[in-house]
Amino acid sequence: SYTSEEVKVDIFSFHNQLGINVKGFISYPKNLKNDLPAVIYQHSGGNDKTQFLEEMLELSQKNIVCLSLDAPKNEFNKGIAAKRNFAFIFQEGVT
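First things first, this report covers the structure right here in the doc. (Residues numbered from 1 in each chain as written. Predicted model: local features only at pLDDT ≥ 70, side-chain atom pairs only at ≥ 80, totals over all residues. Heavy atoms only, no water.)

### Quick notes on the packing of aromatic side chains
Applying the stated criterion across every chain, the model contains two aromatic pairs. Arranged with centres 6.3 Å apart and planes meeting at 10°, the rings of Phe12 and Phe14 form a pair that is stacked. Residue Phe12 is classed as partly exposed on the basis of its relative accessible area, which comes to 23%. The interplanar angle of 20° and the centroid separation of 4.7 Å between the aromatic rings of Tyr41 and Phe52 together place this pair among those described as stacked. Separated by 11 residues along the polypeptide, Tyr41 in strand E4 (residues 38-42) and Phe52 in the loop between E4 and helix H1 (53-60) bring together distant segments of the chain. (Phe/Tyr/Trp six-rings, centres within 6.5 Å; stacked < 30°, edge-to-face > 60°. Buried < 20%, exposed > 50% of the residue type's maximum accessible area, 1.4 Å probe, protein only. Helix = DSSP H or I, 4+ residues; strand = E, 2+ residues; numbered from the N terminus.)

### Structural notes on the sheet that holds strand E1 (residues 2-3)
Here we have five strands laid out as an open sheet, ordered E1-E2-E3-E5-E4, and mixed in their pairing. Each end of this open sheet is capped by a strand with a single partner; those strands are E1 and E4. Sheet topology places E4 next to strand E5 (residues 65-69); five bridges connect them, and they run parallel. What sits directly across from Val39, in E5, is Cys66. Here H1 sits on the sheet and contacts E1, strand E2 (7-15), strand E3 (21-29), E4 and E5; the angle it forms with E3, its principal contact strand, is near 35°. (Pairing = 2+ DSSP bridges. Contact = heavy atoms within 4.5 Å. Axes fitted to C-alpha atoms, helices over the stretch in contact; angles between N-to-C directions.)

### Comments concerning the pairing of E3
As paired elements, E2 and E3 share nine bridges and run antiparallel to each other. Within the sheet, the bridge partner assigned to His15 lies in E3 and is Asn21. The antiparallel hairpin formed by E2 and E3 contains five residues in its connecting segment, where Gly19 sits at a positive phi of about 80°. Bridge analysis of E3 against E5 gives four bridges, and the strand direction is antiparallel. Looking at E5, one finds that Gly24 is bridged to Leu69.

What follows is the structure, given as structure tokens:
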């Protein structure tokens, strides 16, 4: 995890309902309050959860919680199957 005077970043992971390990970052103001807006990032192909880290830090300095997820890596993510199944993984797999 990372902490500055204004922002904290935690690394997390969870297994979705399909048993796939999903990793990510969450950044938030150090003095976290209830009912803050949030932004969820998903990286583009060939990148990972660090793609938006700088932007996440800037937004969290402005009292916005940010979440950046890595795309799950498994046989489900090859070729055309990735496009068909990506939405399913996150809609059905995140609880």
